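Now for the letters of each chain:
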Amino acid sequence: MSYVLIIGAKSDIAKAIAREYAKHGYDLYLAARNVSELEEFANDIKIRFNRNIKCFELDILDYISHKYFYDSLEEKPLGVISAVGYLGDVSETQKTINTNYTGVVNLINIIADDFEQRKSGFIVAISSVAGDRGRKSNYIYGSAKAALTAYLSGLRNRLYDANVHVMTVKPGFVATKMTEGMDLPEKLTAKPEDVAKDIYKAQQNGKNVLYTKWIWKWIMLIIKSIPEFQFKKMNL
Amino acid sequence: MALQSWGNYPNIDAIAYKFDHQQALKNILDPHNNIIARGNGRSYGDSALSAHQLDIRSYNYFLDFDQETGILHCQAGVLLSEILETFIPRGWFVSVTPGTKLITVGGAIASDVHGKNHHVKGSFSDSIIEFTMMLENGEIITCSHVVNPELFQATCGGMGLTGIIIDAKIKLEAINSSMINQVTIKTKNLQDTFKAFEQYKDYTYSVAWIDCMAKGDSLGRCLLMVGEHADDGNLDYINRNKASIPFQFPSFLLNNLTVKSFNSLYYAKVRKSVSEQKVSIDSFFYPLDAIANWNRIYGKNGFTQYQFVLPLDKSYDGLEKILSKIAASGKGSFLAVLKLFGKANSNWLSFPMEGYTLALDFKIEPGLFELLNELDKIVLEYDGRFYLSKDVRVSKQTFEAGYKDIDKFRQLRKRYKMDQKFHSLQSKRVGI
């Protein structure tokens, strides 16, 4: 068994993760909506790393399909990485919550049951530093990620006895399509490849919560420590 | 956002756009008329600086590889380092590489880069089977030595001013080792150096580090390094961990005295007049890539690389004059490289021609441009020319004196309306 399943595989971070894992000898299941757009990417990985890649159509909002999708995998993956993320505006509250939280949780629940039974596997999900404290600029997204973070923490607790490792990833700014056009501070902004390297290393080492870049751990510590009466007046 | 090239000079305010499929590229091109493609930002000067920049790095897929012929089809944003990482272990190497592997395939074509084997293998374009390019109107065309040969000759070395290179088929070179057998020859002066280049010209790779601070009897003393691929069957290749220069060094750190001492030590470290070493591909071709951001040693004002070539029959006299002037000015640096080129190719703006090329780094400081203006005159007096990928300052007159096909290039730009869309600070400065 050598497959790692990546969901939300079309995102820039997911692609970087796919390359990183293929580079280290893993085969890949890539799942995403309109998966045909991933064909060239999958071909690139085959040429680069001589690995097996299989692409699957998956709509994270089509909850009913999740079980069918997972059951259809003949060889079950030895780990799953969710790179699902949607940064919508306030008018897209439902979609933001359902993509970032409900959909991901629904699918991971199914996989977690399988891993728990097999007593092996790893689950990595990309949450966000935005979930550490709600701010007016993106609190719908942030609150969905906060819920995901809490879910992962509980799941980690539950699966500990089954020897299944759960890792929460909290990226800060990352230069991707999702953040294109935003004026991000260069020193605090990671490249997708750096995030992927961090994730691979941390997952292999069994880390529980990963901030990437690492400095975000300290930035968020400061942000979380600001008293609410002051925080509410701030422009963040 | 603030953008600069490898020389950290100049700094400009620009908007960068990314694309990962052709329609997205067309959508970016359509509304802009002051745009230039940017690869990995390794050209030294203002070749890839413009108000609107098209970042091609995210367009970086391998499309096909034929293990029989060694022909790689890939998108333009692929880095040479990615090609090496993938294909050295399978017994293939790029046929032409410059002194950094951190450049894109698109950039390598646009600069028609050369390497230590120019006298044997020519420039990067000589390893190109064909490439595709998006023109000003969004049309995509294929160019090769036989299909659209005019556009091919204008685009290879054309600094991105003819369109956006999308993907390319490159012929890789079979190798049987990831090591290089290197011979280092220590020369006493310029005459000795020329003799050594002549004597070792059958080696595939050759380049000389030159001590540009040495004067008098030692003027032009070098360490000439020549090499061949080893044949030991060991194809192991790992990207070494990088050291990094974490911040800009204060710019006074590199001065006449420190450079002079470094150069003397570096030269003296090699004791024998001829010595042999077995070294890795990375340390032979890319010694500086091992230190990320090495450009920061020049401080916040940045630096420039001055590179010119002189025709073979005038190389000696011209170099003697130029090296004397640099040594007297005390402004040289430790990165100075001398190389004997083979014959020029037929591309309109490709830099190499038969003769000696000298490349020197200079920290940007008061008085530098005056010195370089003086050197420009000598280069032109000896019928030499300049390399646009390094340049940040030559005048229109100085540049065009060296390139006889420059008007053909300008006319082609007009005919295809490329001059209404693709511009860099450099293209405006030198009027192309």
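Before reading on, note that the structure itself is shown above.
The notes below deal with the structure included here.

Rules used throughout
- Residues numbered from 1 in each chain as written.
- Chains lettered and ligands numbered in written order.
- Predicted model: local features only at pLDDT ≥ 70, side-chain atom pairs only at ≥ 80, totals over all residues.
- Heavy atoms only, no water.
- Helix = DSSP H or I, 4+ residues; strand = E, 2+ residues; numbered from the N terminus.
- Rg over C-alpha atoms; globule rule 2.2 N^0.38 Å.
- Buried < 20%, exposed > 50% of the residue type's maximum accessible area, 1.4 Å probe, protein only.
- Contact = heavy atoms within 4.5 Å.
- Areas by Shrake-Rupley, 256 points an atom, 1.4 Å probe, with all protein chains shown as cover.
- Lys, Arg positive; Asp, Glu negative; His and termini not counted.
- Charge placed at Lys NZ, Arg CZ, Asp CG, Glu CD.
- Buried area = accessible area lost by both parts, 1.4 Å probe.
- Salt bridge = Lys/Arg side-chain N within 4 Å of Asp/Glu carboxyl O.
- Polar contact = N/O pair within 3.5 Å; in protein donor to acceptor, adjacent residues only side chain to side chain.
- Nonpolar A, V, L, I, M, F, W, Y, C, P; charged D, E, K, R; others polar.
- Core = buried A, V, L, I, M, F, W, Y, C linked by side-chain atoms within 4.5 Å.
- Domains from an automatic or database assignment.
- Phe/Tyr/Trp six-rings, centres within 6.5 Å; stacked < 30°, edge-to-face > 60°.
- Lys NZ or Arg CZ within 6 Å of the ring centre and 35° of its normal.

A word on the overall build of chain B
Then step 1. When you go through chain B residue by residue, the secondary structure sums to 13 helices and 21 strands.
Then step 2. At 21 Å, chain B has a C-alpha radius of gyration in line with the 22 Å of a compact globule built from 432 residues.
Then step 3. On the principal axes, the C-alpha backbone points of chain B span a range of 60 × 50 × 45 Å.
Then step 4. Out of the 432 residues in chain B, the part that is buried amounts to 59%.
Then step 5. Relative to all contacts within chain B whose residues are 6 or more apart in sequence, the contacts with residues 24 or more apart total 75%.
Then step 6. When the accessible surface of chain B is split by element, carbon and sulfur atoms take 52% of a total near 17,000 Å².
Then step 7. With 48 positive and 46 negative side-chain charges, chain B shows a spacing of 5 Å between the two charge centroids.

Regarding the interface of chain A and chain B
Then step 1. At the junction of the two partners, chain A supplies 14 residues and chain B supplies 16 residues.
Then step 2. Buried area between chain A and chain B, both sides added, is near 1,200 Å², and the carbon and sulfur share of it is 37%.
Then step 3. Considering only the surface of chain A that becomes buried against chain B, A:Glu40, A:Ile47 and A:Arg48 emerge as the three largest contributors, covering 45% of it.
Then step 4. Taken together, the connections running from chain A to chain B amount to two salt bridges.
Then step 5. Across the salt bridge formed by B:Glu82 and A:Arg19, the nearest N and O atoms sit 3.8 Å from each other.
Then step 6. Counting every contact that joins chain A to chain B gives eight residue pairs in polar contact (both at pLDDT 80 or more).
Then step 7. Mapped onto the side of chain A that touches chain B, the elements with two or more residues apiece are α1 (12–23) and α2 (39–49) of chain A.
Then step 8. Counting residues per element, the side of chain A that touches chain B draws most heavily on α2(A), at seven residues.
Then step 9. Split into classes, the residues belonging to the side of chain A that touches chain B amount to four nonpolar, two polar and eight charged.

Thoughts on unusual backbone geometry
Then step 1. A:Thr212 connects to A:Lys213 through a cis peptide bond whose omega is -5 degrees.
Then step 2. With a phi close to 35 degrees, B:Asp112 is a non-glycine residue in the positive phi region.
Then step 3. Note on placement: B:Asp112 falls in the loop between α3 (105–110) and α4 (118–121).
Then step 4. Here the phi dihedral of B:Asp383 falls at roughly 60 degrees; this positive angle occurs in a residue that is not glycine.
Then step 5. Looking at the element boundaries, B:Asp383 is found in the loop between α10 (368–381) and β21 (385–386).

A closer look at the nonpolar core
Then step 1. B:Ile83, B:Phe93 and B:Phe131 are the most contacted members of the largest nonpolar core, which totals 118 residues.
Then step 2. Both domains that meet at this core, namely domain 1 (62–176) and domain 2 (179–394) of chain B, each give it at least three residues.
Then step 3. Setting aside anything within four residues of it in sequence, one finds B:Phe93 in contact with B:Leu84, B:Ile88, B:Leu172, B:Glu173, B:Ile175, B:Tyr205, B:His229, B:Ile281, B:Phe285 and B:Tyr286.
Then step 4. A:Ala9, A:Ala14, A:Leu28 and A:Leu210 belong to the second largest nonpolar core, which has 38 residues in total.

Overview of the packing of aromatic side chains
Then step 1. Enumeration over the complete set of coordinates arrives at 30 aromatic pairs over all chains.
Then step 2. With a centroid separation of 5.7 Å and 70 degrees between ring planes, the pair formed by A:Phe56 and A:Phe69 is classed as edge-to-face. Residue A:Phe56 is found in strand β3 (residues 53–57), and its partner A:Phe69 is found in helix α3 (residues 63–72); the two are separated by 13 residues along the sequence. Pair check on accessibility: A:Phe56 and A:Phe69 agree, each one buried.
Then step 3. Relative to B:Tyr356, the ring of B:Phe194 has its centre 3.9 Å away and its plane inclined at 25 degrees; by these criteria the two rings are stacked. Highlighted residues: B:Phe194 in helix α6 (residues 190–199) and B:Tyr356 in strand β20 (residues 355–363), separated in sequence by 162 residues. Per residue, the accessibility class of B:Phe194 equals that of B:Tyr356, and both read buried.
Then step 4. Every member of this aromatic cluster is reached through a ring pair, and the members are B:Phe93, B:Tyr205, B:Phe284, B:Phe285 and B:Tyr286.
Then step 5. Positioned above the aromatic ring of B:Phe62, the side-chain terminus of A:Arg48 is 4.2 Å from the ring centre.

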